[in-house]
Amino acid sequence: MNATMEQQAEALVALLEQHGSLGNGKARQLLGWDEVTYDEVKQALVASGQVAQGRGRGGSISLVAGGQVVAEPIGLQANGLPATQPSPVPYPTAKRGPGRPPKADKPQGNGLEADKPKGRKASGPKASKPQADKSLETWIWDAACSIRGAKDAPKYKDYILPLIFTKRLCDVFDDELDRIAAEVGSREKAFKLVKADKKLVRFYLPLQPADPEQPVWSVVRTLSDRIGEQLTTHLRDIAKANPLLQGIIDRVDFNATTHGQRDLADDRLSNLIEAISTKRLGLNDVEADIIGKSYEYLIRKFAEGGGQSAGEFYTPGEVGTIMARVLECEPGMEIYDPCCGSGGLLVKCESEMERRMSVGGPPGPPVHSGGPGGPPAYAPLRLYGQEYVPETWAMANMNMIIHDMQGQIEIGDTFKNPKFRERGRLKAFDRVVANPMWNQDWFTEADYANDELDRFPTGAGFPGKASADWGWAQHILASLKPTGRAAVVLDTGAASRGSGNDGNSKEREVRRWFVENDLVESVLYLPDNLFYNTTAPGIVLFLRRAKPKARQGQVLLVNAGQLFEKGKPKNFLAPAHIDRIAEVMLGWQQVEKLSRIVPVEELAKNDYNISPSRYIHTGEAASYRPIPQIVQELEAIEVEVQRTDEELKRILTGLGF
């Protein structure tokens, strides 16, 4: 165990000594750790026998007396796959719901017992018990390892995520069947009712096991031959039964071949199905964001090979949270992401709006329109996104569906053909969030000049071919309502390129237009090494069409370059850092070595350089020693060198050299 992990282990043990027993989520919150770090340290302590895990669905940990931290941390091989896996920790199978009486001579539980399902080929691993306490990361890595070598690592997600989504649909369908069975007396009757009236459930799945007491997923899990062909057929049948899922769940052909060779052979597909089977994904088993978190985890882990394209540009969750908090979305607003990826930034906006409504409302429990436990009294956000990569577009739709959010995701190239239009013009939104691919260089001046949607007004200038960063900013501005606000992640260079040059800089001219029209509200300079396809820090540019009077003619610059925690392989923002940054930006605060309110006139004097690092210096002031003192020290060093040389010569002479 390395020194850093030993310190982390000591911190977790000290926390348990103070509290006795803690839920995993609470422990992470108190420590300020990300989920990957927490799970790695926890598993090492569990393996050493110093920490025990609880058996509840939510998961908890407690201290075991007399243990020593001796386990080695979980490492990664050169190919990015885990060198070792933590020992699995079983949890009790889910209880049957009311109205689901046990049958004689039938195994109890949810059908995912340790015995291998009948009909399964020996090519797959032995069926293991589902693991509630197994972390999301460990579970997904098990799935990734099950098909290792079959495809390039960045492509694993194309197979894993549709199956995770299908598993979620199956387990939720089981929960809905159990609810109906509680009223009609048996699962068999529930299946018949749902088949006759598919509106009784949100998504009807035309999958029914021979034994209705078995989970719906067992239809997939017990496939024994022609697995790829049959699995593809099942997913297409589900899509036919649910038009909302067409083009989303049925996009992948698990039986596809290339040059006569199966892309994913049945034995590996069998392994993948078995790995996914080890975690139940029902309504009470996992949070709704299972697809979004799974997607982000896989992108994060495979970023070196898969994070370079525009559709797979991974935005750290902490950055998305800051963006959503600062934009202060209100109920019922229309939110847009022109390059939405898996929809993570849109989900952050909805989640933060719900958080604000819950903590900012009147004292006591949240008010619900349908009474306690009913739907919230406020309207949800209406979410809109466009994504260029078909597979990522499908994931974004899955994310909207699994969150039950009001989302419309279109497919296509936003820059050349934005899909959201009204009466021949761009549709305008209340808020826009985006993290476009940085420094895109495949747009020419003709692309800007020939635009028919007035996104690039002549007076603003064209950014030039070298980087479309400010072209995206222009598109986003054109997509805002008169009171709209936006947050866009850009390369750090977008804030300063061209400033101070003698010649004409196209990017600087566009930046000047934004500043002089008082459209830039604030700029956030992020820490180094947060993003997975670059070590560059990045900035978040906040735009506002109608600033409050007190903020007009000024820009808030925030240099958060020092607010981070070291991580492997990337740095991250702890919850305290997120809170601090959001507090400063929302409060329009000036804080020494962190933020400054800069007049537009000063920005103009600096040739429209709006980089916070230009105006806010976070380092300590350099200290200088007197020159005579330095000379004296150098003389002392010279004397010591001469003495050492003489001693060395004496020793060598004594040895006959």
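Residues numbered from 1 in each chain as written. Predicted model: local features only at pLDDT ≥ 70, side-chain atom pairs only at ≥ 80, totals over all residues. Heavy atoms only, no water.

Right, let's talk about the side chain of Thr232 for a bit. Checked against the element boundaries, Thr232 lands in helix 8 (residues 227-241). Taking the relative accessible area as the measure of exposure, Thr232 reaches 5% and is therefore buried. Within polar-contact distance, the side chain of Thr232 engages the side chain of Asp253 at 3.5 Å. What Thr232 contacts, discounting residues up to four positions off in sequence, is Val252, Asp253, Phe254 and Asn255. (Helix = DSSP H or I, 4+ residues; strand = E, 2+ residues; numbered from the N terminus. Buried < 20%, exposed > 50% of the residue type's maximum accessible area, 1.4 Å probe, protein only. Polar contact = N/O pair within 3.5 Å; in protein donor to acceptor, adjacent residues only side chain to side chain. Contact = heavy atoms within 4.5 Å.)

Put simply, the protein chain has an average pLDDT of 80, and 78% of its residues get 70 or more. Counted against residues more than four places away or in other chains, residues 66-129, with its pLDDT under 50, gives 144 contacts. Note on residues 361-368: pLDDT is under 50 here. Beyond four places in sequence and across chains, it has nine contacts. (pLDDT = per-residue confidence, 0-100.)

Applying the stated rule across the entire model yields 18 aromatic pairs. Relative to Phe531, the ring of Trp438 has its centre 5.2 Å away and its plane inclined at 70 degrees; by these criteria the two rings are edge-to-face. Note that Trp438 is positioned in the loop between strand 11 (429-434) and helix 15 (445-449) and Phe531 in the loop between strand 13 (520-525) and strand 14 (539-544), a separation of 93 residues in sequence. Just as Trp438 is buried, Phe531 falls in that class too. Grouping aromatic residues by their ring pairs yields a cluster made of Phe415, Trp442, Phe443, Tyr448, Phe456, Phe462 and Trp472. Seen from the ring of Tyr204, Lys198 lies directly overhead, with NZ or CZ sitting 4.8 Å from the centre. A cation over a ring is seen here: Lys427 above Tyr384, with NZ or CZ 5.3 Å from the ring centre. (Phe/Tyr/Trp six-rings, centres within 6.5 Å; stacked < 30°, edge-to-face > 60°. Lys NZ or Arg CZ within 6 Å of the ring centre and 35° of its normal.)

A word on unusual backbone geometry. Glycine aside, residues mostly have negative phi angles, and peptide bonds mostly take the trans form. Non-glycine residue Arg226 carries a positive phi angle of around 50 degrees. Locating Arg226 in the fold gives a position in the loop between helix 7 (218-221) and helix 8. Residue Asp454 is not a glycine yet carries a positive backbone phi of 55 degrees. Along the chain, Asp454 falls in the loop between helix 15 and helix 16 (469-478).

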